[in-house]
Amino acid sequence: MLGQLPVTQNETITCYDDLGKSKTHGLEQRYVSPTTGVCRKLVLQAVNPSAPSEVPISNHANHTIKLAIWLLDNSPFRGWNIFKWIGIWLLFTFKLFWSVILLLAQLYVPIDLVDSDSGEDNELYDTGYYKAYGRGFQGQLWAARSPMEHSSRMVEEAEKDIPTHTLYPRLLIIHDRTQNVWVPCTDRDTIIRTKFIAISYSAADAFTRGPNQEQHKAQFKDEVRAAVLGQKFDAYWLDLECLGKTPSEKSLDLYCMADVYRGAEVTLIMLGKAASGENLCWRGWGERVWTMPEALLSPHLCYKFRDREEVTPLSLFELANLAYTNYDKEHAIINAYSGKDPLERLERLALLKSAIFRRITAALAAKSAPPPPPKLDMIGETPVTSEAYPAERVYALMGFFEHRIKPNRFEDELHALVRLSMANDNDRIVERMVPMLPKIITKAACWYADDDLYQANLWDILPEIQVAGITENGALVVDGCRAAAIRWKDFPEIAFGTTDSQRRKIIGFIPYFSLPCLIIGIGIFSITRAGGIALIVIGLVLLFLSPQLFVFSQSGRVIDPQPWFIGVKGVVSIKEVERHLYGGARGHFPRMNYTPSGSEYSRPERGTVREGSNKQEEDAKRAESGPDAGHVFTLIDTYSSTMYYFRAERAPTVCIFAGREGGLGRFVLCSERCNINELHKESVLRMPTEISQKMELCGWVALG
């Protein structure tokens with residue numbers, strides 16, 4: 001049953017692997033084993049274990065070096081510690097001697113020391129790559145980028161006949177001077193030869209909903225017609241009269257709304273009554289979803305208050321000062337469309353998207369507060385039709401794009417945004433959102449981002465992925481991912497090398513010959529007393545010095561470590577990580593480093609060398625003991641020898657390379673949700689781009 005979707009029941013989940021085999025388990029957090037591809041219960045090593053799934057930190061580092069470090073760190077002459085010290089010293093000596101025996105045995109009989117059937121992913125065998133993520137996307141796309149792919153979305157009949165662009169409105173209201181009446185006109189030849197005014201207004205200023213609504217609309221139309229004639233025009237476009245009545249006509253008018261304002265000679269802004277407050281009228285009009293396309297796409301602007309006769313022209317700068325409460329954030333758009341300061345296409349579109357999506361309701365309760373991210377069922381304010389389109393804000397935005405999407409009242413805002421991004425592939429807006437870290441990561445559609453904790457803009461991101469489509473429940477399906485698994489149960493044994501040193505090589509051989517030297521001395525004592533005593537003394541001295549000699553031989557700068565992503569719940573110090581990875585080191589090069597700018601807790605040193613400050617450990621501990629308790633994690637990257645402290649709701653088990661920014665790669669940390677076959681963004685780290693070359697490419701993955 002390939003491609004079969006998971007089934008969720010009350011207290012259990014039935015999921016399917018890539019071969020279609022089912023597995024039923026509880027609701028606990030799970031992950032896909034990178035070794036076996038089997039869905040397993042996630043076990044977290046934690047600084048302070050407090051849940052059934054959490055265990056103390058453990059490691060598989062070389063046991064001999066750990067024994068040697070303990071012998072050097074603990075004095076045998078402190079209390080009764082001498083007995084324990086002697087016991088560990090004997091164990092250390094035995095391990096050295098056992099290594100010699102194994103080496104000699106290996107010369108005669110090859111021994112396979114790795115259990116390939118264990119099913120565990122802690123083997124020392126180094127492939128040169130991080131552990132790969134072993135699960136791909138299953139299911140169907142709701143909307144696909146390629147027309148060759150199947151899309152399950154419902155396509156309205158009206159969508160099929162909408163032209164890409166139009167140079168004239170479908171309908172105009174034209175004044176018949178012979179009979180002195182206003183008549184709707186749909187004749188193409190008449191419309192293309194008629195100059196017209198486009199009317200922009202706020203519904204609250206035009207009519208009041210209720211039993212007298214139609215009377216108010218009729219009065220508003222009369223005022224519009226008088227203003228149009230006063231400007232020496234015989235035609236106008238007003239959505240109250242010109243929007244179609246059938247779904248086909250409504251979709252066509254909505255799709256071509258931008259062309260209406262582009263084609264108008266002038267756009268007349270009809271405001272409410274000045275007696276009620278001019279600023280109030282301007283603010284009400286400026287908070288509408290369609291205010292941006294109406295103002296920016298029109299060749300000329302003018303305005304009129306309903307209780308005044310004069311019609312006053314105005315510029316974009318004047319309009320921004322009067323109508324836009326966020327003028328400081330939108331002045332770049334105004335400058336771009338007025339020709340003063342041109343913007344790059346992507347930057348201009350990103351600013352427009354932010355400005356339009358900021359307009360959520362007709363009257364914001366707290367204008368200074370940042371808007372919440374859009375939801376799958378969010379509906380834009382002040383509908384342009386009698387029946388609101390859930391994705392109206394996206395349709396208002398698409399007028400600024402080269403390629404548009406066909407409106408569909410069955411899709412929500414985020415689905416429409418993905419379709420618009422896929423239609424304009426060069427901009428790759430949605431792909432740029434994936435590597436961003438917003439202040440709030442939504443439970444659904446976690447890929448969406450309006451802001452970034454690292455203070456990067458949308459146009460600063462260079463994506464390394466491509467959107468293949470979107471699923472029915474809003475998950476983004478992406479291609480071209482380099483993904484790696486994150487290990488949480490313990491620290492594995494790391495294969496690594498150290499810088500070459502003849503002195504360390506020579507000294508490293510000495511501890512292995514101390515015990516054989518002692519045994520040979522005892523053996524020849526009866527043959528040659530002087531030689532036996534000499535070898536026994538040399539052997540005992542070397543045995544006593546073996547821990548220090550062995551530790552020195554294992555020191556040095558770590559090079560070419562085996563790539564691993566290792567996670568710990570809580571805040572771990574750098575010395576503890578070094579001990580768990582390499583057994584520890586004394587008086588030599590540091591083997592791990594703090595990130596200078598890779599996480600939300602990172603701090604750079606201000607010296608002459610670029611490196612991370614150890615103060616970030618204090619910041620992370622402070623956060624973990626405060627509001628972020630239980631949600632602060634440590635990620636160790638062995639390949640770049642860098643540590644990251646970050647915040648997440650759940651422990652991420654997959655790391656995805658999604659883009660680049662500011663000289664570093666953007667890596668998305670995701671948790672796995674096998675019941676819906678999706679990954680969920682938990683955090684984003686800025687890590688060296690070169691580590692992505694040690695991550696294997698995977699198939700399609702869904703971010704939901």
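Everything in this summary refers to the structure shown in the same document. Just so you know, these numbers come straight off a predicted model, no measurement behind them. (Residues numbered from 1 in each chain as written. Predicted model: local features only at pLDDT ≥ 70, side-chain atom pairs only at ≥ 80, totals over all residues. Heavy atoms only, no water.)

In terms of helices and strands, the protein chain carries 20 helices and 29 strands. By the burial criterion, 51% of the 704 residues in the protein chain qualify as buried. Partitioning the intrachain contacts of the protein chain with sequence separation of at least 6 by distance along the chain shows that 65% fall at a separation of at least 24. Of the roughly 33,300 Å² of accessible surface on the protein chain, a fraction of 54% belongs to carbon and sulfur atoms. (Helix = DSSP H or I, 4+ residues; strand = E, 2+ residues; numbered from the N terminus. Buried < 20%, exposed > 50% of the residue type's maximum accessible area, 1.4 Å probe, protein only. Contact = heavy atoms within 4.5 Å. Areas by Shrake-Rupley, 256 points an atom, 1.4 Å probe, with all protein chains shown as cover.)

The next thing to look at is the sheet that holds strand β11 (residues 197-201). Spatially, the seven strands line up as an open sheet ordered β10-β9-β12-β11-β13-β14-β15, and their pairing is mixed. Across the chains shown, the open sheet's two edge strands, defined by having one partner strand only, are β10 (181-185) and β15 (312-314). Taking each pair of neighbouring strands and ignoring which way they run, the sheet shows an average axis angle of 30°. As paired strands, strand β14 (residues 301-305) and β15 are joined by three bridges and run antiparallel to one another. Of the residues in β15, the one forming a bridge with Cys 302 is Pro 313. Across the face of the sheet, helix α11 (residues 316-323) comes into contact with β13 (266-271), β14 and β15 while running at roughly 100° to β15. (Pairing = 2+ DSSP bridges. Axes fitted to C-alpha atoms, helices over the stretch in contact; angles between N-to-C directions.)

Scanning all chains against the criterion turns up 25 salt bridges. Notably, a salt bridge pairs Lys 353 with Asp 450, separated by 2.3 Å at the nearest N-O pair. Separated by 97 residues along the polypeptide, Lys 353 in helix α13 (residues 345-357) and Asp 450 in the loop between α16 (429-433) and β16 (462-463) bring together distant segments of the chain. Looking at Lys 353, the relative accessible area reads 5%, which means it is buried. Among the residues examined, Asp 450 registers a relative accessible area of 38% and is labelled partly exposed. A salt bridge links Arg 603 to Asp 619, with the shortest nitrogen-to-oxygen separation between them at 2.8 Å. (Salt bridge = Lys/Arg side-chain N within 4 Å of Asp/Glu carboxyl O.)

Looking now at helix α15 (residues 413-423). Burial within α15 is extensive, with 10 of its 11 residues counted as buried. For α15, the full list of buried residues reads Glu 413, Leu 414, His 415, Ala 416, Leu 417, Val 418, Arg 419, Leu 420, Ser 421 and Met 422. On the buried face of α15, the contacting elements are β8 (143-144), α13, α14 (392-397), α16, β17 (466-470) and β18 (476-479). Its side-chain oxygen at 3.1 Å from the backbone nitrogen of Leu 414, Asp 412 defines the N-terminal cap of α15. (Polar contact = N/O pair within 3.5 Å; in protein donor to acceptor, adjacent residues only side chain to side chain.)

In this section: the pairing of strand β25 (residues 642-647). Counted residue by residue, β25 has five buried out of six residues, so it is predominantly covered. Note: strand β23 (residues 593-594) against β25, two bridges, orientation parallel. What sits directly across from Asn 593, in β25, is Thr 642. Bridge analysis of strand β24 (residues 632-637) against β25 gives six bridges, and the strand direction is antiparallel. Residue pairing across strands places Val 632 opposite Arg 647, the latter belonging to β25. Hairpin remark: β24 followed by β25, antiparallel, with four residues in the connecting loop; positive phi at Ser 641, about 55°.

Once that is clear, we can look at the packing of helix α9 (residues 278-286) against α11. Close contact between α9 and α11 brings their axes to 8 Å; oriented N to C, the two are set at 105°. Taken together, the axes of α9 and α11 lie roughly perpendicular to each other. Here Trp 282, Arg 283, Trp 285 and Gly 286 of α9 come into contact with α11, specifically with Leu 319, Asn 321, Leu 322 and Ala 323. A class-by-class count of the residues in the contact of α9 with α11 yields five nonpolar, two polar and one charged. (Parallel < 35°, antiparallel > 145°, perpendicular 65-115°, else oblique. Nonpolar A, V, L, I, M, F, W, Y, C, P; charged D, E, K, R; others polar.)

Its identity as a non-glycine residue notwithstanding, Ala 445 has a phi of 55°, on the positive side. Structurally, Ala 445 is set in the loop between α16 and β16. Of the residues examined, Ala 445 reaches a relative accessible area of 1% and is grouped as buried. The phi torsion at Gln 455 lies on the positive side, around 65°, for a residue other than glycine. Among the secondary structure elements, Gln 455 is positioned in the loop between α16 and β16.

Attention now goes to the side chain of Glu 661. Position of Glu 661 among the secondary structure elements: in strand β26 (residues 654-661). Of the polar contacts made by the side chain of Glu 661, one reaches the side chain of Arg 666; its length is 2.9 Å. A polar contact is formed between the side chain of Glu 661 and the side chain of Arg 686, at a distance of 3.0 Å. Apart from residues no more than four positions distant in its own chain, Glu 661 is found in contact with Ala 456, Asp 460, Ile 461, Arg 666 and Arg 686.

Proteins that are soluble and globular tend to have nonpolar side chains buried together. Core analysis: the largest hydrophobic core is formed by 145 residues, its most contacted members being Trp 282, Leu 319, Trp 447, Phe 565 and Ile 656. The element that contributes the greatest number of residues to this core is α13, accounting for eight residues. Those residues in contact with Leu 319, other than ones at most four positions away along the chain, are Ile 269, Trp 282, Trp 285, Ala 295, Leu 301, Leu 314 and Tyr 324. (Core = buried A, V, L, I, M, F, W, Y, C linked by side-chain atoms within 4.5 Å.)

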